[in-house]
Amino acid sequence: FLLLVIVIPLYAAGSIWYTAKNSTAEKSDVILVMGAAQFDGRPSEVLLARLDQAKSIFKAGLAPRIYTIGGGAPGDRTTEAAASRTWLINNGVSKKNILAIAKGRDTLSSTKAYVEQMRKAKFSSVVIVTDPYHCYRAIKMAKDRGIKSTCSAVESGPAANSGIKYLARETGAYLAYVT
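A.B. asks: Outline the pairing of strand E6 (residues 125–130), listing residues and values.
C.D. replies: Most of E6 is tucked away, with 6 of its 6 residues classed as buried. By the alternation rule, side chains of E6 split into Ser-125, Val-127 and Val-129 and Val-126, Ile-128 and Thr-130, which are all buried. The pairing of E6 with strand E7 (residues 148–153) spans 6 bridges and is parallel. Considered in E7, the bridge of Ile-128 is made with Cys-151. Handedness of the crossover joining E6 and E7 through helix H5 (residues 135–144): right-handed.

Structural data, given as structure tokens:
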């Protein structure tokens, strides 16, 4: 019982923390920008940090294409994916290198949607751009679907140096996913 209540969550939290501090992106088929809030087509600060990171690693040649992911909330006039695509185009990434996938309101549904697109295109590797503490779970979900995945964690924005609350939230989300 002690194992279940203390050791497993501590191990998960340690793995999440370690990945957040030590993730290394590798050359891949696709850069994936995980969705986050957008306001009438304007990316939130969290999404903006992800987009800036994706643009940076794209320009560095880590992958030849970018997928943006994320649906819309009820009442939205656009989606996270579309807002992300527009921002990338307006900031120097050619639209021919971007695919917007307007699906997903959570990590698992987003992962299933982009993996489906990757399979159609016969791609097998991805660099996931997201918040540091989100990397571990996002990588695990991609690997569970047969995709070689690494993470490029944001280095700026509200989630770049998030604290214990975000770590605890991600630990709970990870444990919910694997159980």
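A.B. asks: Give me the lowdown on the sheet that holds strand E4 (residues 66–69), citing residues and values where you can.
C.D. replies: Here we have 5 strands laid out as an open sheet, ordered E5-E4-E1-E6-E7, and parallel in their pairing. With one partner strand each, in any of the chains shown, strand E5 (98–101) and E7 form the two edges of the open sheet. The sheet shows a mean angle of 25° between the axes of neighbouring strands, direction not considered. Pairing of strand E1 (residues 30–33) with E6, which is carried by 4 bridges, proceeds in the parallel orientation. Bridge pairing in E6 links Leu-32 to Ile-128.

A.B. asks: Break down the state of the cysteines for me, with residues and values.
C.D. replies: By definition, a disulfide is the covalent link that joins the sulfur atoms of two cysteine residues. Per the counting criterion, the structure on display carries 1 disulfide. What pairs with Cys-135 in a disulfide is Cys-151, and their sulfur atoms sit 2.0 Å apart. The S-S bond linking Cys-135 to Cys-151 shows a torsion near -60°; that makes this disulfide left-handed. Taken as a pair, Cys-135 in helix H5 and Cys-151 in strand E7 lie far apart in primary sequence, 16 residues in all. Since its relative accessible area comes to 0%, Cys-135 is described here as buried. On the accessibility criterion, Cys-151 (2% relative accessible area) is buried.

A.B. asks: Summarise the environment of Gly-70; cite the residues concerned and give the values.
C.D. replies: With respect to the helices, strands and loops of the structure, Gly-70 is situated in the loop between E4 and helix H3 (80–90). Overall, Gly-70 belongs to the buried group, its relative accessible area being 0%. Sequence separation between Gly-70 and Val-30 is 40 residues, and the spatial gap between their C-alpha atoms is 16 Å. Beyond its immediate sequence surroundings of up to four residues, Gly-70 is in contact with Thr-79, Glu-80, Ala-81, Ile-101, Ala-102, Lys-103 and Gly-104.

A.B. asks: Give a description of helix H6 (residues 164–178) that names residues and reports values.
C.D. replies: Here H6 is 15 residues long and its end C-alpha atoms lie 21 Å apart, about the 21 Å a rise of 1.5 Å per residue gives. Among all positions of H6, only Tyr-166, Leu-167, Glu-170, Thr-171, Tyr-174, Leu-175 and Tyr-177 are buried. With its buried residues spanning 165° around the axis, H6 presents them on a single face. Seen from the buried face of H6, the exposed residues on the opposite side, beyond 90 degrees, are Lys-165, Arg-169 and Ala-176. The elements touched by buried residues of H6 are helix H1 (2–22), helix H4 (107–120) and H5.

A.B. asks: If you had to explain the pattern of salt bridges to someone new, which residues and values would you point to?
C.D. replies: This structure, assessed with the given rule, holds 8 salt bridges. As a salt-bridge pair, Glu-26 and Lys-148 come within 2.6 Å of each other at their nearest N and O atoms. Here Lys-148 lies in strand E7 and Glu-26 lies in the loop between H1 and E1, a separation of 122 residues in the sequence. Residue classification places Glu-26 among the partly exposed residues on the basis of a relative accessible area of 39%.

A.B. asks: Break down the side chain of Thr-150 for me, with residues and values.
C.D. replies: Within the fold, Thr-150 resides in strand E7. On the basis of relative accessible area, Thr-150 is assigned to the buried category, the value being 10%. Within the structure, the side chain of Thr-150 is placed 3.1 Å from the backbone nitrogen of Glu-26, a separation counted as a polar contact. Residues within four places of Thr-150 in sequence aside, it is in contact with Thr-24, Ala-25, Glu-26, Ser-28, Val-126, Val-127, Ile-128 and Ile-139.

Rules of the game
- Residues numbered from 1 in each chain as written.
- Predicted model: local features only at pLDDT ≥ 70, side-chain atom pairs only at ≥ 80, totals over all residues.
- Heavy atoms only, no water.
- Buried < 20%, exposed > 50% of the residue type's maximum accessible area, 1.4 Å probe, protein only.
- Helix = DSSP H or I, 4+ residues; strand = E, 2+ residues; numbered from the N terminus.
- Pairing = 2+ DSSP bridges.
- Right-handed = clockwise from strand over helix to strand, strands pointing away.
- Axes fitted to C-alpha atoms, helices over the stretch in contact; angles between N-to-C directions.
- Disulfide = S-S within 2.5 Å.
- Contact = heavy atoms within 4.5 Å.
- Expected span 1.5 Å × (residues − 1).
- Arc of directions from axis to C-beta.
- Salt bridge = Lys/Arg side-chain N within 4 Å of Asp/Glu carboxyl O.
- Polar contact = N/O pair within 3.5 Å; in protein donor to acceptor, adjacent residues only side chain to side chain.

By themselves these figures say nothing about function.
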